[in-house]
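# Observations on the model geometry
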Amino acid sequence: MGRNKCIFKLAPSLPLQEDFVYHWKAITHYYIETSDDKAPVTDTNIPSHLEQMLDILVQEENERESGETGPCMEYLLHHKILETLYTLGKADCPPGMKQQVLAFYTKLLGRIRQPLLPHINVHRPVQKLIRLCGEVLATPTENEEIQFLCIVCAKLKQDPYLVNFFLESKLKAMALQGSASVITEDMIKDQESVTTDTGQPGQPKETPGASGAEHMEKEDELSQQAEELSFGLDELNVATSPESSTACPNQDYNLVNSLLNLTKSPDGRIAVKACEGLMLLVSLPEPAAAKCLTQSTCLCELLTDRLATLYKALPQSLDPLDIETVEAINWGLDSYSHKEDASAFPGKRALISFLSWFDYCDQLIKEAQKTTAVAMAKAVRERFFIDVMEPQLMQTSEIGILTSTALLHRIVRQVTSDVLLQELVYFILGEQREPETLTDINRHPLRHRLIEHCDHISDEISIMTLRMFEHLLQKPNEHILYNLVLRNLEERNYMEYKPPCQEDKDVVENGQIAGAVDLEEDPLFTDLSPDNTLSAQEWLSASPPVSPEHPKNDGKTEVHKIVNSFLCLVPDEAKSSYHVEGTGYDTYLRDAHRQFRDYCVICLRWEWPGSPRSLEKCNLEASFFEGHFLKVLFERMGRILDQPYDVNLQVTSVLSKLSLFPHPHIHEYLLDPYVNLASGCKSLFSVIVRVVGDLMVRIQRIPDFTPKLLLVRKRLLGLEPEGPIIDHMTLLEGVIVLEEFCKELAAIAFVKYHTSATP
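Quick look at the structure, then. (Residues numbered from 1 in each chain as written. Predicted model: local features only at pLDDT ≥ 70, side-chain atom pairs only at ≥ 80, totals over all residues. Heavy atoms only, no water.)

## What about the pattern of salt bridges?
- This structure, assessed with the given rule, holds 33 salt bridges.
- Salt-bridge contacts for E51 lead to K107; the nearest nitrogen and oxygen are separated by 3.1 Å. In this pair, E51 is assigned in helix α3 (residues 46-63) and K107 in helix α6 (residues 97-111), connecting sequence segments 56 residues apart.
- Note on E51: relative accessible area 28%, which makes it partly exposed.
- Take K107: its relative accessible area is 34%, and that puts it in the partly exposed class.
- Note that R113 and E61 form a salt bridge whose closest N and O atoms lie 4.0 Å from each other. Taken together, the positions of R113 in the loop between α6 and α7 (120-132) and E61 in helix α3 put the pair 52 residues apart, joining distant regions of the chain.
- According to the relative accessible area criterion, R113 is exposed, its value standing at 58%.
- Each of E51, D55, K107 and R111 takes part in a single network of salt bridges with overlapping partners. (Salt bridge = Lys/Arg side-chain N within 4 Å of Asp/Glu carboxyl O. Helix = DSSP H or I, 4+ residues; strand = E, 2+ residues; numbered from the N terminus. Buried < 20%, exposed > 50% of the residue type's maximum accessible area, 1.4 Å probe, protein only.)

## What about unusual backbone geometry?
- That bond from C93 to P94 is cis: its omega, -5°, falls within 30 degrees of zero.
- Structurally, the position occupied by P94 is in the loop between α5 (81-91) and α6.
- A positive phi is found at A138, a non-glycine position, where the angle reads about 60°.
- Taking relative accessible area as the criterion, A138 reaches 54% and is therefore assigned exposed.

## Topic: the environment of L615
- For L615, the position within the fold is in the loop between α28 (586-603) and α29 (628-638).
- Placed 124 residues apart in sequence, L615 and E491 show a C-alpha to C-alpha distance of 8.2 Å.
- Once residues within four sequence positions are removed from consideration, L615 is found in contact with R492, M495, Y497 and L620. (Contact = heavy atoms within 4.5 Å.)

## Observations regarding a negative patch on the surface
- On the surface, D319, D459, E460 and D646 cluster together to form a negatively charged patch.
- Within the fold, D646 resides in helix α30 (residues 645-660). (Patch = residues over 30% accessible without salt bridge, like charges linked within 9 Å, V, L, I, M, F, W, Y side chains within 5 Å. Areas by Shrake-Rupley, 256 points an atom, 1.4 Å probe, with all protein chains shown as cover. Lys, Arg positive; Asp, Glu negative; His and termini not counted. Charge placed at Lys NZ, Arg CZ, Asp CG, Glu CD.)

## Description of the side chain of K575
- Mapped onto the fold, K575 is located in the loop between α27 (556-567) and α28.
- Side-chain polar atoms of K575 contact the backbone oxygen of L567, separated by 3.0 Å.
- Leaving out residues up to four positions away in the same chain, K575 has contacts with L567, V570, L709 and E739. (Polar contact = N/O pair within 3.5 Å; in protein donor to acceptor, adjacent residues only side chain to side chain.)

This is the structure we're talking about:
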């Protein structure tokens with residue numbers, strides 16, 4: 001046998017087909033002549049002959065016109081060489097032959113440019129070989145298996161219609177409907193048809209002598225498919241639990257199933273390659289493949305079961321800061337080493353594994369064909385969010401609540417797929433869009449519980465839940481803001497409509513509150529550098545369109561009135577920012593410009609109106625309820641003088657984010673002090689007015705109030721070292737937050753009015 005390679009090299013003048021046949025015969029003769037079938041394949045010339053056959057096929061293709069099938073390729077197809085190699089690989093005879101066969105298939109599909117998969121004598125053995133992949137984990141052939149599967153996936157990505165050759169569900173699905181015995185000629189044609197790159201039906205080129213044999217082969221295949229069908233039905237008769245991760249219909253999409261098995265490989269590189277293969281398959285646009293993928297494979301179960309397993313492996317208690325600050329997770333780079341990590345903490349390995357797999361699910365859904373993406377996202381919601389996460393979020397243990405909320409917060413921040421985000425939003429908030437009432441705020445229990453947690457006895461839980469809502473509000477999903485706030489403002493029934501009277505005119509003289517600052521002379525509005533502002537055209541392009549029924553007015557009087565209302569809310573004796581350099585209004589204005597622009601871009605596609613809904617079309621008689629979310633936020637805002645500094649920062653941060661949204665009803669309700677509130681209604685401005693009234697009374701009882709307030713501010717800014725504890729610290733810190741919040745609201749109001757008034 002050892003002389004075979006030498007003979008080939010000494011006879012280069014032989015036609016390619018003779019050389020090809022010679023090498024194939026040498027392989028088949030080995031099995032006839034050998035008596036030692038336990039010697040490894042590497043001790044034989046089989047690998048060399050296979051390599052020579054590949055080289056000949058490549059050389060033949062290079063010497064011919066594009067798309068023309070040569071005699072060597074015809075020989076391979078007609079003599080079912082791939083079928084024979086599959087049989088030898090399945091038997092792994094001699095030992096190691098499976099690796100050789102996998103490598104041959106991989107190189108053949110990768111190096112030959114002409115489409116091979118449409119040929120029945122290619123896709124049939126390829127399908128059979130696919131079934132052998134992933135059968136047993138950690139085998140010596142895993143690397144060759146994943147390389148083979150990935151080249152098949154790559155070919156399907158190039159020509160998505162080819163995936164139909166790898167779907168075995170048509171006959172089986174009909175059998176399940178009681179039509180298994182009826183196999184029509186049309187069905188056979190459907191199974192065997194070949195579509196060219198132009199989308200026209202065609203047949204792969206065959207030699208005249210091969211056509212009869214090919215017809216025989218099709219009949220043989222049909223008979224074999226019927227046998228497989230019968231066997232598949234027997235398998236389907238076995239009862240399985242619907243909750244089991246293996247409770248799938250008959251495995252019709254074997255390419256997916258083999259990749260799913262290899263995602264469980266202990267070799268991380270193999271698992272990542274399998275995940276990449278699945279990423280290619282889910283993105284195929286073929287509807288039949290998408291349906292089979294979600295209905296006839298365990299893909300959804302694998303994604304969700306592994307999410308659940310990794311989530312349950314997390315410690316019961318994790319530091320929220322660790323959950324938030326653990327490095328950015330990329331599913332393909334999950335190679336954490338505890339020994340090399342100077343910032344390791346208990347559970348970090350488990351946390352990275354969970355977040356890495358969630359990132360993979362997110363990216364998979366993001367890349368998937370639409371129906372596949374929806375099915376996978378719904379599975380994640382039902383089998384992971386509801387079944388696994390919700391019980392943790394609804395528990396009463398404070399440690400458990402804090403950890404589960406921190407994990408939810410991380411997931412909210414991390415999700416990028418619009419489809420998965422939609423399911424996450426429905427999980428957290430529910431799907432309700434009608435106005436809330438006090439009697440039905442518990443309609444979606446998780447939403448109710450999370451909003452209640454914003455006012456939890458544990459400050460840590462309150463802060464974490466508020467942060468989760470803050471990040472949720474910044475996600476590009478219209479339902480979030482509508483469910484939390486907008487649905488309760490649609491009718492504008494927070495207003496009591498009445499024409500202006502003389503008393504109202506007396507309050508404001510020349511558009512200003514008595515003693516208010518003239519904005520045109522205030523550094524807040526005059527010291528902006530051009531780098532920190534947008535041109536009129538940029539603001540227009542970033543802002544929602546204006547309804548033609550509600551043309552813009554100049555807005556100047558309104559902005560003076562509103563901004564000064566907020567700036568003058570806190571009395572001078574309770575202000576301390578003007579005593580400290582660098583705490584002016586300009587920073588808030590710059591931030592408001594940037595943030596409002598970002599919010600306008602997000603909200604532009606939601607087609608919000610540019611002006612409030614006409615009062616004639618509103619039901620002002622309906623009783624007003626601001627909604628559970630705003631109710632809790634207003635209650636917390638009302639206690640700003642008696643709450644910890646960190647809680648106050650988070651409450652005001654959420655309220656300022658809400659105020660930035662470019663919806664006219666939100667602006668009117670949260671930022672317009674001159675709205676005539678209906679009886680019993682409260683707004684953000686009215687809540688702050690009550691806080692200031694309480695503050696004025698309490699200031700009188702605190703000696704040296706202003707010096708103490710200034711000292712606290714300097715300590716918070718790090719301008720003064722920590723010293724003796726100051727009396728009334730919570731109240732003093734609350735006053736500072738209140739002053740800053742009013743400045744921030746003034747800046748937001750100015751920016752929004754400036755935008756709406758831009759011609």
